[in-house]
Amino acid sequence: MRLKDKSLSFVVNFLLGIAWASAFIGAVTTFISLYSDSFLLALVYAAVASLPGFIAVLVLEHFITSKEKQFELEKQTKLLEQLLKKEQMPQ
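Before going into details, it helps to say that this report is about the structure given with it. What you see is a predicted model; the values in this text were computed from it and never measured.

Rules behind the numbers
Residues numbered from 1 in each chain as written. Predicted model: local features only at pLDDT ≥ 70, side-chain atom pairs only at ≥ 80, totals over all residues. Heavy atoms only, no water. Salt bridge = Lys/Arg side-chain N within 4 Å of Asp/Glu carboxyl O. Helix = DSSP H or I, 4+ residues; strand = E, 2+ residues; numbered from the N terminus. Buried < 20%, exposed > 50% of the residue type's maximum accessible area, 1.4 Å probe, protein only. Patch = residues over 30% accessible without salt bridge, like charges linked within 9 Å, V, L, I, M, F, W, Y side chains within 5 Å. Areas by Shrake-Rupley, 256 points an atom, 1.4 Å probe, with all protein chains shown as cover. Phe/Tyr/Trp six-rings, centres within 6.5 Å; stacked < 30°, edge-to-face > 60°.

**Observations regarding the pattern of salt bridges**
And step 1. For the structure on display, the rule yields one salt bridge.
And step 2. Residue glutamate 72 is joined to lysine 75 by a salt bridge in which the shortest nitrogen-to-oxygen separation is 3.4 Å. Separated by three residues within a single helix, glutamate 72 and lysine 75 lie in helix α2 (residues 39–88), roughly one turn from each other.
And step 3. For glutamate 72, a relative accessible area of 36% translates into the label partly exposed.
And step 4. The class for lysine 75 is partly exposed, based on a relative accessible area of 38%.

Below, the structure is given as structure tokens:
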């Protein structure tokens, strides 16, 4: 749970689990179905079959990272505004 919003965090983590599962299932099922023909061919097709899942993982991780960056920038902006107000106060 890396995101502040609990419902968004649940959805993103659920989708991340689905993406990892699809990558794993795609690779394993493809490898098992083609193993009898050729080991090298089975490895290549298993890697290709897992690509959509890996791409989904990358997209979701990028989404999480951008949300964390946005949250940190909002915190920094608040702190900078507080410093500016404190500096502008007459003494």
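**Description of a nonpolar patch on the surface**
And step 1. Where nonpolar side chains cluster on the molecular surface, the patch consists of Trp20, Leu40, Leu41, Val44, Tyr45, Val48, Leu51, Phe54, Ile55 and Val59 and spans about 960 Å² of accessible area.
And step 2. The element best represented in the nonpolar patch is α2, accounting for nine residues.
And step 3. Relative to the elements of secondary structure, valine 48 occurs in helix α2.

**Observations regarding the packing of aromatic side chains**
And step 1. Summed over all chains, the structure comprises five aromatic pairs.
And step 2. Judged by centre distance (6.3 Å) and plane angle (20°), the rings of phenylalanine 10 and phenylalanine 14 are stacked. In this pair, phenylalanine 10 and phenylalanine 14 both sit in helix α1 (residues 6–34), four residues apart, roughly one turn of the helix.
And step 3. Pairing phenylalanine 31 with tyrosine 35 gives two aromatic rings, centres 5.5 Å apart and planes at 40°, and the pair type is tilted.
And step 4. Site record: aromatic cluster; members linked through ring pairs are Phe31, Tyr35 and Phe39.

Nothing here speaks to function; it is all geometry.
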